[in-house]
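A look at the structure
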Amino acid sequence: MVWGMSEMKEERVYQGIAAAPGVAHGPAFLSVRSDLDIPKRLVPRERREEEISRFEQGLLTTRQQITQIRAEIEERLGEDEAAIFDAHQMVLEDRALIEETIKEVAETGYNIEFCFQQVAYRYIEAFSNIDDEYIRERAADIRDVTRRVIFNLMGRRESDLDMLVEPSVLVADDLHPSDTTHMARGRVLGIISEQGGRTGHSVIMARSLNVPCVVGLPQITNAIAADDQALVDGFDGIVIVNPSEQTLYRYGRLRSARADIERRFNEAKFAEASTTDDCRFAIQLNIEGNEPEDLLKNSGATGVGLFRTEALFLSSREFPNEEAQFRAYRRVVEQMAPHPVTIRTLDLGGDKNPHNSLYGYQEANPFMGFRAIRFCLENPKVFKEQLRAILRASAYGKVKVMYPMIASCEEVVAANKLVEECKDELRREGQAFDEKIACGAMIETPSAAVITDLLAQHCDFFSIGTNDLVQYLLAVDRVNDRIAHLYEPAHPAVIRALNFIFEAGREHEVPVSVCGELAGDPLYVPLLLGMGASELSMTWSCVPEVKYLIREMTYRDAKRLAMRVIRAGSAPEVNELLRDFYSRTVSIKMPQA
Ligand code: PEP
Ligand code: MG
């Protein structure tokens, strides 16, 4: 296989965290978005005019860049998306902002980058504090434009993902959920990120789009240059810069060996997920709602266990209205019929934080902040629009409503009350919906886990969000690579919590499914089923292997495994039991590069 030549440069190997499987190779595309270190220096009086000319040149260059981006976006995404950049041009032409900056140079004597930032931030601060969505959006525009201008003034080029034209390996300091748009367009072959853990939201999206990804490589954006080639090994968390022909050959062979294994897994894709002792389980999908029809229909899954609705909100500058949401939900419901679709209500916040000002909050601890159900209950207008859209979609197939980040019974009661209000409204309007629609809660906070029995009185089902549950139980931020080694789902605290939730569900006859990343992890599948999971919901790419595994094992053995794991006193012990079960059940040896 010829993957391109890069013999001229020295090969370098970096070990990071494997975040999304697969191997990709291509030119590096650098994207650095962390805050710039803006220099602050006094400029002698006789050179201040020069600062002003630099400023004018910087504004001009920025204007030209924005015009170019606007044209590209208009061609690819249409006029509506492109119009965002008109607002940016307006900021660049804002006389008050420009004149105040020039005055700042004259009065303080500091360099133009510093003065422009000071003035722009005063505007941003003033706008952000005004309780008006439109004005807050202007603050976001100014922030974006300021950044661009300062990059230009400093002679640095910000790699703008909008400019990504050639299929490339994205090398970023951090990933943002809206980057998926670029992944979906097929221009991102693979991802290397300085920050992030395996369960960061952007990483989950990369996995769902089958984009190989390695995270947790601090300083990698400084180590890779724009004209380097990069190879991403998302199986083993390895990044190879300027791989030699020999390395490319080795990886070519690895790819074909993995392809053989995947062919075997794929044979199980459309078969029933039933164990050799005849216990059947539902394998469902985690989706964002922007997946192509083909993927939904041909994944081999029987339903959607987690429809993350944030993508709809993150890709837009305004909250999508009821009609737009209804259309999006109905499309998925119709495509998945007769299988059920569990639609999770808005889970904004945490790492699902829009670039734009929809949400409009900066918090010190976003994962423990004004997130998900907390935001929805304080914004009943937004929440009810979504609930109405979900209810209306329930007339077209089997739909369930799921609340994220539940931490108390009161939250479920309040959400259920709003569902009832929406039902009343729809009845009055003569709109069809499923009167018996099931409403359930995610169990992803320690408080919800501890009161699962109490929550059972208000919920038709539970779904365990292991991504958050693990981070909160262990107090380990799920996107912080510095402590990624402490994010350990095999920790006895996690195992005990999971067991407690399943037991409470069983006792109160409320079915418990799992939709966090553990549900698609072949090591954890036997354990979760053995503990009592009724359904597992995962990224589509995990379905074949999970089905293959289930079809090779007995439920009896899975229950026995669960009993042993619950008694285990440490994470290494748990890991060994899980690995041992997997390798005894799936007698395929995974090749290493
Ligand atoms: C989870 O927390 O496990 C989950 C499924 O939700 P998200 O990853 O979207 O926070
Ligand atoms: Mg969660």
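Structure first, text after, so check above.
Let me sum up the structure you'll find in this document. (Residues numbered from 1 in each chain as written. Chains lettered and ligands numbered in written order. Predicted model: local features only at pLDDT ≥ 70, side-chain atom pairs only at ≥ 80, totals over all residues. Heavy atoms only, no water.)

**Focus on the overall build of the chain**
The following threshold applies: Under the DSSP-based scheme used, a helix requires at least four consecutive residues in state H or I and a strand at least two consecutive residues in state E, with every element numbered from the N terminus. In what follows, a contact means two residues having at least one pair of non-hydrogen atoms within 4.5 Å. Residue exposure ignores everything except the shown protein chains as possible cover, and the areas themselves are Shrake-Rupley values with a 1.4 Å probe.
Scanning the chain for helices and strands turns up 24 helices and 16 strands. When contacts within the chain are restricted to residue pairs at least 6 apart in sequence, those whose partners lie at least 24 apart make up 70%. With an accessible surface of roughly 25900 Å², the chain has 50% of that area assigned to carbon and sulfur atoms.

**Remarks on the environment of Tyr-524**
Here is the rule we go by: Exposed residues in this analysis have more than 50% of their type's maximum accessible area, buried residues have under 20%, and partly exposed residues fall in between, with area computed by a 1.4 Å probe over protein chains only. Two N or O atoms count as a polar contact when they lie within 3.5 Å, although within protein this holds only if one can serve as hydrogen donor and the other as acceptor, and sequence-adjacent residues are included solely when both atoms are side-chain atoms.
Relative to the helices and strands, Tyr-524 is located in the loop between β15 (512-514) and α21 (525-531). On the basis of relative accessible area, Tyr-524 is assigned to the buried category, the value being 4%. Excluding anything up to four places from it in sequence, Tyr-524 contacts Glu-488, Pro-489, Ala-490, Leu-518, Asn-575 and Leu-578. A polar side-chain atom of Tyr-524 sits 3.1 Å from the main-chain amide nitrogen of Ala-490.

**Concerning the pairing of strand β13 (residues 438-443)**
Note the cut-off: Pairing between two strands requires that DSSP report at least two bridges joining them. If you view a crossover with the strands going away from you and the path from the first strand over the helix to the second runs clockwise, you call it right-handed.
Of all six residues making up β13, six are buried, and the element is well covered by its neighbours. Sheet topology places strand β12 (residues 399-403) next to β13; four bridges connect them, and they run parallel. Bridge pairing in β13 links Lys-400 to Ala-438. Considered for its hand, the β-α-β crossover made up of β12, helix α16 (residues 409-429) and β13 is right-handed. Here β13 pairs with strand β14 (residues 462-464) via three bridges, running parallel. Looking at β14, one finds that Ala-441 is bridged to Phe-462.

**So, the coordination of the magnesium ion (ligand 2)**
Applied cut-off: With water omitted from the atoms examined, metal sites may look incomplete; donors here are N, O and S atoms no farther than 2.8 Å from the metal, or 3.2 Å in the case of Na, K and Ca.
Protein coordination at the magnesium ion (ligand 2) comes from Glu-444 (OE) and Asp-468 (OD), with a distance range of 2.0 to 2.1 Å. On the criterion of sequence distance, the pair formed by Glu-444 in the loop between β13 and α17 (446-450) and Asp-468 in helix α19 (residues 466-474) is long-range, its members being 24 residues apart. Across the pair, exposure class does not vary: Glu-444 and Asp-468 are buried alike.

**Description of helix α13 (residues 322-336)**
Stated formally: Multiplying 1.5 Å by the helix residue count minus one yields the expected span of that helix.
Over its 15 residues, α13 extends 21 Å from the first C-alpha to the last, a length consistent with the 21 Å expected when each residue adds 1.5 Å. Taken residue by residue, α13 has Glu-322, Gln-325, Phe-326, Ala-328, Tyr-329, Val-332, Val-333, Gln-335 and Met-336 as its buried positions.

**Let's talk about the nonpolar core**
We count it as follows: Nonpolar cores are built from buried Ala, Val, Leu, Ile, Met, Phe, Trp, Tyr and Cys residues. Side-chain atoms within 4.5 Å join them into one set.
Membership of the largest hydrophobic core comes to 105 residues, with the highest contact counts inside it found for Tyr-403 and Leu-536. When neighbours within four sequence positions are excluded, Leu-536 is seen to be in contact with Ala-282, Ile-283, Gln-284, Val-514, Ala-519, Val-525, Leu-528 and Leu-529. In terms of nonpolar packing, the next biggest core, distinct from the first, is built from 26 residues, Phe-85, Val-91, Leu-92 and Ile-142 among them.

**A word on the site of ligand 1**
As a reminder, the rule being used: Residue proximity to a molecule or strand is established when one non-hydrogen atom of the residue lies within 4 Å of it.
In the neighbourhood of ligand 1, 16 residues make up the surrounding shell, with Arg-308, Lys-352, Gly-465, Asn-467 and Arg-478 lying closest. In the model, an oxygen atom of ligand 1 is placed 3.1 Å from a nitrogen or oxygen of the Thr-466 main chain. Within the backbone of Asn-467, one N or O atom sits 2.8 Å away from an oxygen atom of ligand 1. Within the complex, 100% of the 290 Å² of free accessible area of ligand 1 lies under protein. Those elements giving two or more residues to the shell around ligand 1 turn out to be β10 (304-308) and α19. In terms of residue count, α19 provides more of the shell around ligand 1 than any other element does, three residues in total.

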